[in-house]
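Residues per chain are reported as follows:
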Amino acid sequence: MPFVKRDVPAPSTAGGQPEDGRASHEDNLAAHIAALGSPDTEARWNAARALGGRADAVPALAAALGVESAARVREAIMTALMRVGDEASVMALLPYLRSQDAAERGASIEALQALPEAIVPFMAPLLADGDSDVRLLATELARNMPAKSATRMLCRLLEHEQHPNVCAAAIDVLAEVGTRDAVPALQACAERFAATPFLPFAVSIAIARISDTDR
Amino acid sequence: MSGSEAHGSHVVRVTPDDVRRLCEFLYRRTGMLFDDNKRYYIDRRLVERIVATRSDSFQAYFAILRSDADHEIEHLINTFTVNETYFNREEHQLRCMTSDLLGNVIRKKRAGEPIRIWSIPCSTGEEPYSIAVWLMENWSLVDTYNIEIVGSDIDTRALAAAAKGVYGERSLMRLSRDVVGRYFQPVAGGGHQIDPGLRESIQFTRANLIDPTDMARYRGFDIVFCRNVLIYFDDSSRRIAAENLYDCLGAGGYICLGHSETMSRISPLFRVCRFSDAIVYQRPEADHDGR
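Worth saying up front: this structure is predicted, and the values here are computed from it rather than measured. (Residues numbered from 1 in each chain as written. Chains lettered and ligands numbered in written order. Predicted model: local features only at pLDDT ≥ 70, side-chain atom pairs only at ≥ 80, totals over all residues.)

Caption draft 1: The arrangement of the overall build of chain A in detail. A tally of helices and strands in chain A yields twelve helices and one strand. Start at the N end of chain A and walk to the C end: the helices and strands fall as β-α-α-α-α-α-α-α-α-α-α-α-α. Expected size for 215 residues packed as a compact globule is a radius of gyration near 17 Å; at 22 Å, chain A overshoots this value by more than 25%. Along the first, second and third principal axes, the C-alpha set of chain A runs to 65 × 50 × 35 Å. Across the 215 residues in chain A, those meeting the buried criterion constitute 45%. (Helix = DSSP H or I, 4+ residues; strand = E, 2+ residues; numbered from the N terminus. Rg over C-alpha atoms; globule rule 2.2 N^0.38 Å. Buried ≥ 20, exposed ≤ 12 C-beta atoms within 10 Å, placed from the backbone.)

Now the structure itself:
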């Protein structure tokens, strides 16, 4: 047989996990945080991966994300923040909704969508943001939320929103996650944008899909 | 009306709008894409799941699905996918391995160096054994290198069955009689057991794809087969699994996913490689950006 067999190492607690006590935990934390500033991409990548889920590393991860130039390390830092999932990590991710880099915007949206409970306190200001691109992306964050709260937030947006693309994004999300409570807001939106044919059309599809849902 | 089925005292009905809503959710969540000519196929399975979950309407079922109560997403996906595994499943990827991937892998290797191949999840062993048999039958350089095949799964019962290597006729349906004769022996009571030499050649281990510490034990693979598992993960687990898999591959290593999965929807870490037999994903040889 041309095949060889080699033993796989036994599981260890290495990789940034606490081993035997607080001192070791803090040493690891300090070492990994220091490595976030290494000139070696692999070292920064490993540090970001090791710090995933550690709330005490959020300030360092947030700072590193601000200066990191390697795409894969940025990706790993966002995943690390997502694994923490607290208010501080959400605040570290939110600025990237305004990034000029589409990949960065996409990565932050994905990471924030994975934290539907943690982003709730931030949704109202995001949906009222002065930048229509941010409002549009914020509608997407509602997609993974419970139907009732997503409906409530997006209906409030539709009542005032002037930008047709933001309304279209909200309607698209409501078509999937909305309840029939959204029907009046959707109808009002269609009337307001009667001169923009794609919006009444999108509204008709959303209403057809959600009008039989429970409130 | 799109579909219906008796459910207790009333009939469950799904409308075309319900089905579209489901399809859009499924596409976004899993990447599985169903067009209109699969409508009847979807309707039947959707109604089955509505009945199985004792939901009294599509809307009630959809709420269960969105919240993934009782792993309903997994149950629904299972109705749409072939869950049974068998030898040479998705044979085009095995062809791709010998026609394209290994040629690129050995450019960096000398004769006698190891080539490392990983099957995760390997379930009851059909995939890693298929890889071994396929290499024996289809790669002329099989004796030139030291080939290491590892099969891993989170389920230790599946791993025990893999190590035993006994399979029924259905598992062997894609293999020719000649191949079965060369690599299997009939066992008393039915079934065929894979050649003891092959059984001894493959390392079976337990591994959890979304545990970075567990996955740190696995490094330097040239080719990873990771088929039909990421589809079951939620977005955050998929991101973590993709980063773990990236670390498990050597630079330039390849990952083969299931036919309905696309890594580009999951992670930007990998390069898409289109070969004549399959689309696979590659860990880049080097970073193109940095400080």
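There is more to say, and it comes next.
Caption draft 2: Structural detail: the interface of chain B and chain A. Contact with chain B, which involves 38 residues of that partner, is made by 37 residues of chain A. Going through the elements one at a time, α1 (16-30), α3 (58-67), β4 (146-153), α9 (196-201), β8 (203-206), α10 (212-215) and α11 (235-248) of chain B are the ones with two or more residues in the side of chain B that touches chain A. Across two bridges, the pairing between strand β1 (residues 3-4) of chain A and β4 of chain B is parallel. Within β4 of chain B, the position partnered with phenylalanine 3 of chain A by the bridge is isoleucine 147 of chain B. (Contact = placed C-beta atoms within 7 Å. Pairing = 2+ DSSP bridges.)

Caption draft 3: Seen up close, the confidence of the model for chain A. Averaged over all residues, the pLDDT of chain A is 91; the fraction at 70 or higher stands at 92%. Considering only residues more than four positions removed or in separate chains, one finds that residues 14-19 of chain A, a stretch of pLDDT under 50, has 14 contacts. (pLDDT = per-residue confidence, 0-100.)

Caption draft 4: Molecular detail of the sheet that holds strand β5 (residues 166-167) of chain B. All names here are of chain B. If you trace the three strands from one edge of the open sheet to the other, you get β5-β7-β6, paired in antiparallel fashion. Sheet topology places β5 and β6 (184-186) at the edges, where each strand pairs with a single neighbour. Where β6 and strand β7 (residues 192-194) come together, three bridges link them in antiparallel fashion. Looking at β7, one finds that glutamine 185 is bridged to glutamine 193.

Caption draft 5: Fine view of the confidence of the model for chain B. Taken over all residues, the pLDDT of chain B has a mean of 90, while the share at 70 or more is 95%. Both confidence scores are given for the complex: pTM 0.84, ipTM 0.82.

Caption draft 6: Geometry of helix α10 (residues 164-177) of chain A. For α10 of chain A, built from 14 residues, the straight-helix expectation of 20 Å at 1.5 Å per residue is met to within 8% by its first-to-last C-alpha distance of 20 Å. Burial analysis of α10 of chain A places eleven of its 14 residues in the buried class, which makes it a mostly covered element. Contacts made by the buried residues of α10 of chain A are with α8 (132-141), α9 (147-160), α11 (183-192) and α12 (198-210) of chain A together with α1 and α3 of chain B. (Expected span 1.5 Å × (residues − 1).)

Caption draft 7: Spotlight on unusual backbone geometry. Residue and element names in this part refer to chain B. Residue proline 121 is reached from isoleucine 120 by a cis peptide bond, and omega for that bond is -5°. For asparagine 88, which is not glycine, the phi dihedral falls at a positive 60°. Structurally, the position occupied by asparagine 88 is in the loop between α4 (72-80) and α5 (91-105). Under the C-beta neighbour-count criterion, asparagine 88 is labelled buried, with 21 such atoms within 10 Å. The phi dihedral of glutamate 90 is positive, around 50°, even though this residue is not glycine. The topology assignment puts glutamate 90 in the loop between α4 and α5. Overall, glutamate 90 belongs to the partly exposed group, with 19 C-beta atoms counted inside 10 Å.

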